[in-house]
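# Structural features, examined
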Amino acid sequence: MPKKTSSSRRVLVTGGAGFIGSHTVDQLLAENVDVLVVDNLATGRIENLDAACTSPSFRFEQIDVTHSGTLSRILEAFQPHAIIHLAALVSVQESIENPALNFKRNVLATQTIIDAAQRGMVENIVFASSAAIYGDNPELPLQESAKKQPLSPYGGAKLASEALLLAAANTYKLKVTANRYFNVYGPRQDPKSPYSGVMSIFLDRFAQGVAPIVFGDGQQTRDFINVQDVARMNVLATKSNQSGFNAVNVCTGKSTSLLDILDELRLHFPDAPETVFKEARTGDIIHSLGCPNSARELLDFTASISLREGLAQYLQSTTRSSALLR
Ligand code: UD1
């Protein structure tokens, strides 16, 4: 790969073919940033990068981030100003069934990124953390300082990665932003697994004329944030002036129940079948809500897409892509 000589900013995005990654890439390119995506395409999809592929500022390498030698070579050639590390095992269920794989993809990979960043003198790392590190904590809205009690190997790995990044920030003077995502939804989210994001599953079922299933009474609440807001936060964090390690909630601070979502969706699908209620899932969290203040204070980030607007856009994009498939 030729060494870059242009003066534009360069950002390496791991997991850039994924749901959050591909939106982040699109926004970086819109800001004239040179982007290099590394992704092993285990869960990411190259089609998510269709628009990005038309840009001369975009490059893609299909590699696994745990291959440290390859990653270091790529980094040395590209010399990024920042790394957004999103590559991960994303399924909580899979982390429970295969904790060793979870460790490899969600802890070891973080260390590989730290090593490569340190060798390549990359000063800024943005990390995809998760509200999963808080577990079932009743002190809502959750502040970043809330007690960490992860309930899955996935949550544990995200917390362990934060610890490694905190130490790296202190040892090597790196700037690190750990973005603790709450419930992210929007176009390109894969609805195919029963453990996919609830919004993607509901939308998929409504679009197919199939009844949505609610586990429990539907009064459980989440802090749903649109993927485009999340992508904007990732981009903002690459330009952070904050020194050292900072962990921030990426959330709206607004609480929405599943019943509210179904009401909203039914405005678009008035003839959809009745909701089916089933027993609550074991270990399901009833209420989750983040405090968005730190993100505003540290990075001037406030989520701007309302649920109504975000759902309408999501719906439009889903309808468009199913029309393309026909
Ligand atoms: C989310 C994350 C998870 C993270 C957790 C941390 C996703 C997909 N999962 O889980 O990685 O550990 O936050 O806080 O983003 N539900 C239904 N019907 C369905 C599907 C789901 O009723 O068909 C219910 C679930 O039981 C749950 C709620 O919807 O009560 C939300 O589920 P889900 O989207 O999987 O997210 P979380 O459980 O919050």
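Here is what the cut-offs are and how they apply
- Residues numbered from 1 in each chain as written.
- Predicted model: local features only at pLDDT ≥ 70, side-chain atom pairs only at ≥ 80, totals over all residues.
- Heavy atoms only, no water.
- Helix = DSSP H or I, 4+ residues; strand = E, 2+ residues; numbered from the N terminus.
- Rg over C-alpha atoms; globule rule 2.2 N^0.38 Å.
- Buried < 20%, exposed > 50% of the residue type's maximum accessible area, 1.4 Å probe, protein only.
- Areas by Shrake-Rupley, 256 points an atom, 1.4 Å probe, with all protein chains shown as cover.
- Near = heavy atom within 4 Å.
- Polar contact = N/O pair within 3.5 Å; in protein donor to acceptor, adjacent residues only side chain to side chain.
- Nonpolar A, V, L, I, M, F, W, Y, C, P; charged D, E, K, R; others polar.
- Salt bridge = Lys/Arg side-chain N within 4 Å of Asp/Glu carboxyl O.
- Contact = heavy atoms within 4.5 Å.
- Pairing = 2+ DSSP bridges.
- Axes fitted to C-alpha atoms, helices over the stretch in contact; angles between N-to-C directions.
- pLDDT = per-residue confidence, 0-100.

## Focus on the overall build of the protein
Secondary structure summary: the protein contains 10 helices and 13 strands in total. Here the protein has a C-alpha radius of gyration of 19 Å; the compact-globule value for 326 residues is 20 Å, and the two agree. Once the C-alpha set of the protein is aligned to its principal axes, its extents read approximately 60 × 45 × 40 Å. Relative to its 326 residues, the protein shows a buried fraction of 49%. For the protein, the accessible area works out to roughly 15100 Å², and carbon and sulfur atoms hold 52% of it.

## What about unusual backbone geometry?
The peptide bond linking Leu 140 to Pro 141 adopts the cis configuration, its omega dihedral lying at -5°. Relative to the assigned elements, Pro 141 resides in the loop between strand E5 (124-130) and helix H5 (153-172). Its identity is not glycine, yet Asn 32 carries a phi of approximately 60°, on the positive side. As for its placement among the helices and strands, Asn 32 is situated in the loop between helix H1 (19-30) and strand E2 (34-38). On the accessibility criterion, Asn 32 (60% relative accessible area) is exposed. The backbone phi angle of Lys 173 is positive, close to 60°, even though this residue is not glycine. Mapped onto the secondary structure, Lys 173 falls in the loop between H5 and strand E6 (175-181).

## As for the site of the ligand
The environment of the ligand is formed by 17 residues, the closest being Val 198, Ile 213, Phe 215, Arg 222 and Asp 284. The contact in question runs from an oxygen atom of the ligand to an N or O atom on the side chain of Asn 183, over 2.9 Å. In this structure, Val 198 approaches the ligand through a main-chain N or O atom, which is 2.7 Å from an oxygen atom. Burial of the ligand by the protein amounts to 84% of the accessible area it has alone, namely 730 Å². Broken down by class, the residue content of the shell around the ligand amounts to 10 nonpolar, 4 polar and 3 charged.

## Quick notes on the pattern of salt bridges
Under the counting rule described, the total for this entry stands at 9 salt bridges. The shortest N-O distance in the salt bridge between Glu 47 and Arg 45 comes to 3.0 Å. With relative accessibility at 42%, the residue Arg 45 sits in the partly exposed group.

## Quick look at the side chain of Gln 220
Turning to its location among the elements, Gln 220 is positioned in the loop between strand E8 (213-215) and strand E9 (221-222). A polar contact of 2.8 Å, which involves the side chain of Gln 220, links it to the backbone oxygen of Phe 215. Within polar-contact distance, the side chain of Gln 220 engages the backbone nitrogen of Gly 218 at 3.1 Å. Once you skip the residues sitting within four places of it in the chain, Gln 220 turns out to touch Phe 215, Thr 256, Ser 257, Leu 258, Asp 284, Ile 285, Ile 286 and His 287.

## Some thoughts on the sheet that holds E6
Reading across from one edge, E3-E2-E1-E4-E5-E6-E11 is the order of the 7 strands in this open sheet, with parallel pairing throughout. Each end of this open sheet is capped by a strand with a single partner; those strands are strand E3 (58-61) and strand E11 (245-250). Direction aside, neighbouring strands of the sheet carry axes that sit 20° apart on average. Alignment of E6 against E11, held across 6 bridges, turns out to be parallel.

## Looking at the pairing of strand E4 (residues 82-85)
Alternating positions in E4 separate into two faces, Ala 82 and Ile 84 on one and Ile 83 and His 85 on the other, with burial throughout. Relative to E5, E4 runs parallel, the two sharing 4 bridges. Each residue of the ladder has a partner; that of Ile 84, found in E5, is Val 126.

## Quick notes on the confidence of the model for the protein
A residue-level look at the protein finds 96% of positions with pLDDT of 70 or above and a mean pLDDT of 94. Across residues 1-5, confidence stays below pLDDT 50; counting only partners more than four residues off in sequence or on other chains, it has 15 contacts.

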